[in-house]
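A closer look at the structure
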Amino acid sequence: MAEKKEKKEKIPRQPMPEQKPEIRRRNFEEVPIGYTPETAMLEASRCLQCKKPSCVEGCPVQVDIPGFIGFIKDGDFTGAIRHLWTKNSLPAVCGRVCPQEIQCEGRCVVGKKGEPVAIGNLERFAADYERKNGSGDLPPKQSPTGKKVAVVGSGPSGLTVAGDLVVKGHDVTVMEAFHKPGGVLVYGIPEFRLPKEIVFSEVNFLERLGAKVECNTVVGRTVSLDELFEEGYDAVYLGVGAGLPRFMNLPGENLIGILSANEYLTRANLMKAYRFPEVDTPIPIGKDVVVLGAGNVAMDSARTAMRLGADRVRIVYRRSREEMPARGAEIHHAEEEGIELFLLTNPTKFVGNEEGRLTGMECLKMELGEPDESGRRSPVAIEGSEFHMDCDLVIVAVGSGANPLLTQSTPDMKLNKWGYIEADPETGKTTKKGVWAGGDIVTGAATVILAMGAGRKAADSIHEYLTWGW
Amino acid sequence: MFKIVRREEMAEGTVILNEIEAPLIARKAKPGQFVILKANEEGERVPLTMAETDSEKGTITIIYMVVGKSTAIFRDLKVGDEYQDVIGPLGKATHLENVGNVVCVGGGTGVAVLHPITRGLKDVGNHVTCIIGARNKDLLILEEQMKAASHDLRVCTDDGSYGRSGFVTEELKDILDSDKDIKLVVAIGPVPMMKFVSKITKEYNVKTIVSLNPIMVDGTGMCGGCRVSVGGETKFACVDGPEFDGHEVDYDELAKRLQAYSEDEKKCYEDYCALENA
Ligand SMILES: Cc1cc2nc3c(=O)[nH]c(=O)nc-3n(C[C@H](O)[C@H](O)[C@H](O)COP(=O)(O)OP(=O)(O)OC[C@H]3O[C@@H](n4cnc5c(N)ncnc54)[C@H](O)[C@@H]3O)c2cc1C
Ligand SMILES: Cc1cc2nc3c(=O)[nH]c(=O)nc-3n(C[C@H](O)[C@H](O)[C@H](O)COP(=O)(O)OP(=O)(O)OC[C@H]3O[C@@H](n4cnc5c(N)ncnc54)[C@H](O)[C@@H]3O)c2cc1C
Ligand code: SF4
Ligand code: SF4
Ligand code: FES
Ligand SMILES: [Mg+2]
């Protein structure tokens, strides 16, 4: 046994082949190229197939990690994907965007001494392999129940609910405000990190399963929540995300050249403005770009700006590197692409010219003080440290809130003090009968996998309700 | 897909009317609300106000001025052609209330936006005087419709080719001077027009509503691109508006922000025109 283990540790973690930083920093193609079947099998052989796998505890939806990796190791890629699907309906997405280092891989025992098994890369491999080579067979579906379910929002949580319920025989309609389905996966996360083709193929799969996807439907405007029940829907799931951009509320913030990350990324991703003027939506091209914030959204904005031709892109963040909330891989990729981290700095004012265009910002240097409620050391301004920073484009990526468009027209559904919907964490039930909610609109901006996990729980609860009652 | 069932040209072909099949939107739309339209896969999301809706026929009508590439693409759509996407109704509806005597002021294609609001204000019992303006007689739109929608219609043209010679603001001033009982002014048109109307009505202390048209993307409050300063606060015009208290709006900021992409827009419109002419 001991001998076997030693042998396994000799195989190093298989690196993910990637586009070279000098090249990819100016194109929108995906950065990691993906494992070959041989590399995947080799990487899979690094897994110790633990009896009590700690990696699984780190996964919010408890993917049977040794299980699916075992199939890959044996070269049974179809077996791997079928196994993955029992817990995770969007493995091609999660393999790419989950913060594995603090979830599954962060708990892998192999990682205690060396580098953890590349669980995310393997998950991605299995899903990509199936998409390219699979039979495309549909999973078995239960006979129609005659119950109608409306899923509002087509982000990862809505898609999960729709997929789970359609196979249980319910008549599911997904309603999306935008002209394309996918939520943040389509309008927020850039092509170079998550090719849109993957999301559309997932949506297409759902449609083949029999779910209807109605875009251009703003629930709360085109149709109200109560009208959905009048139209004969038996249950409604709200997965509308946290789509309200937060600004800094600083003087000069309405100058031309200051955009929310939501706007900037929507122009770039959903509207494909990086292809302007081939497509009709313009996007500001900054030469000297500043991104405010240090999460995934900030990294995506910075890397997009670089690809659009910036000479210089700086991430300006008021805390230090340790507190940056982005995935490790994103920070690493951003730095490789030449993006500068400008830490312990906070803007106080934006400055512009007569045309109302941004020319720079006033900043203060910060230092870290005592830890705050979140346990992170809070930044404190250093007196007399004012300085000016030139820039012609600022992307504000300091977080998002609950968009009130739908919820304000539904007074009988309880919200918390920040405007998020109150839902039972186990079932997703809201205080309004027949209505469930999950994902970012309940938790605040979180992760794809958490939104999917919430969707799965709600789908179970909705199914139970449609079978037995509230 | 959203089919065009009627198409008209106005103001020497610079303004186009499309009546479009959109039953879900037509069922819900109220005066003052807008839609976002996208012609095709590569298209931009363009906000336009509904000038008319017919819930029985399931159609909405838009009237737009051809000013750039997207509106030029719209112009080239024929009856029977389809818009790929139409989203709405968006924005808050006009608050229609009987307040007494009202003056509605419209300039350019703002007249189209003003039309359903004018009719709505009349329908709830107000006495509505309407002033519409254009650069010259040939560019004037919806005169007959505005006449029918109001009690008293005044027309102004900048060059004096029709109606009163001069700006709508001069006519408004005369009305405010002669009738001390005007309770509300609604002004919709180019930014400078709304700015000057608001300046005058402020002097006369008459409540004024304007409809703002900043650059928009989603129209649902998720991008913040449409932000405008009203009473010193930042508002998102697509969800908090598009109508605001005219006396509180920072028009200069709005005018500047509308120029955000002007160079790119100019270039891509020229390219499109060159392609069309070739
Ligand atoms: C730029 C960016 C990068 C990110 N990177 C990562 C990452 O690397 N890893 C990770 O795990 N997470 C990441 N996240 C977070 C993750 O994307 C979200 O937590 C997740 O998408 C939330 O899913 P959701 O289904 O709750 O909502 P969303 O994905 O936000 O989808 C909600 C959908 O509902 C629609 N909608 C809203 N209101 C209405 C209405 N009234 N009627 C109809 N439809 C409506 C919206 O248009 C949208 O399509 C990132 C987020 C952003 C913005
Ligand atoms: C709520 C609202 C209602 C409107 N209603 C009408 C209407 O009923 N009739 C009408 O003729 N026009 C209306 N407009 C203006 C119309 O949206 C613009 O004229 C149109 O987007 C121009 O597009 P373009 O590509 O043809 O021209 P471009 O050359 O791209 O732009 C010309 C100018 O139009 C403005 N503009 C550009 N893109 C947008 C955008 N995405 N959103 C808003 N403005 C933009 C800018 O000031 C720009 O300089 C409305 C705008 C808003 C916000
Ligand atoms: S879903 Fe995410 S956390 Fe779970 S195993 Fe896959 S990559 Fe890891
Ligand atoms: S903890 Fe690591 S080695 Fe153990 S089963 Fe999970 S992935 Fe394999
Ligand atoms: S258009 Fe995006 S918030 Fe108004
Ligand atoms: Mg345009």
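Residues numbered from 1 in each chain as written. Chains lettered and ligands numbered in written order. Predicted model: local features only at pLDDT ≥ 70, side-chain atom pairs only at ≥ 80, totals over all residues. Heavy atoms only, no water.

Once that is clear, we can look at the side chain of Thr 304 of chain A. With respect to the helices and strands, Thr 304 of chain A occurs in helix H15 (residues 296-307). The class for Thr 304 of chain A is buried, based on a relative accessible area of 0%. (Helix = DSSP H or I, 4+ residues; strand = E, 2+ residues; numbered from the N terminus. Buried < 20%, exposed > 50% of the residue type's maximum accessible area, 1.4 Å probe, protein only.)

A separate point is the UniProt feature "domain: Dihydroprymidine dehydrogenase" (unreviewed entry) in chain A. The UniProt record marks residues 24-134 of chain A with the feature "domain: Dihydroprymidine dehydrogenase" (unreviewed entry), using the residue numbering of this structure. For residues 24-134 of chain A, the end-to-end C-alpha separation is 29 Å, with 52% helix and 0% strand making up the annotated structure. (UniProt positions renumbered as here; feature names shortened; annotations may be inferred.)

The next subject is the pattern of salt bridges. All names here are of chain B. All told, the structure shown has 53 salt bridges over all chains when counted by the stated rule. For Arg 6, the salt bridge identified is with Glu 19, shortest N-O distance 2.6 Å. Note that Arg 6 is positioned in strand S1 (residues 2-10) and Glu 19 in strand S2 (residues 15-21), a separation of 13 residues in sequence. Salt-bridge contacts for Glu 270 lead to Lys 266; the nearest nitrogen and oxygen are separated by 4.0 Å. One end of the pair, Glu 270, and the other, Lys 266, are both in helix H9 (residues 262-277), four residues apart, so they sit about a helical turn from each other. Overall, Lys 266 belongs to the exposed group, its relative accessible area being 56%. (Salt bridge = Lys/Arg side-chain N within 4 Å of Asp/Glu carboxyl O.)

All names here are of chain B. Strand order in the open sheet formed by seven strands is S6-S1-S2-S5-S4-S3-S7, with antiparallel pairing between adjacent strands. A strand with exactly one partner marks an edge of an open sheet, and here the two such strands are strand S6 (82-83) and strand S7 (85-90). Judged from the two bridges that link them, S1 and S6 form a sheet pairing that is antiparallel. The residue of S6 that forms the bridge with Lys 3 is Glu 82. Lying over the sheet, helix H3 (residues 110-123) contacts strand S4 (46-54) and strand S5 (59-65), oriented at roughly 40° with respect to S4. (Pairing = 2+ DSSP bridges. Contact = heavy atoms within 4.5 Å. Axes fitted to C-alpha atoms, helices over the stretch in contact; angles between N-to-C directions.)

The interface of chain B with chain A comprises 45 residues on the first partner and 44 residues on the second. Together chain B and chain A conceal approximately 3,500 Å² of surface at their shared face, both sides included; 52% is due to carbon and sulfur atoms. Taken as a group, Met 222, Arg 227 and Tyr 261 of chain B account for 19% of the area that chain B buries against chain A, more than any other trio of residues on that side. Our enumeration of links across chain B and chain A arrives at four salt bridges. The residue Glu 41 of chain B makes a salt bridge to Lys 180 of chain A at a minimum N-O spacing of 2.5 Å. (Buried area = accessible area lost by both parts, 1.4 Å probe.)

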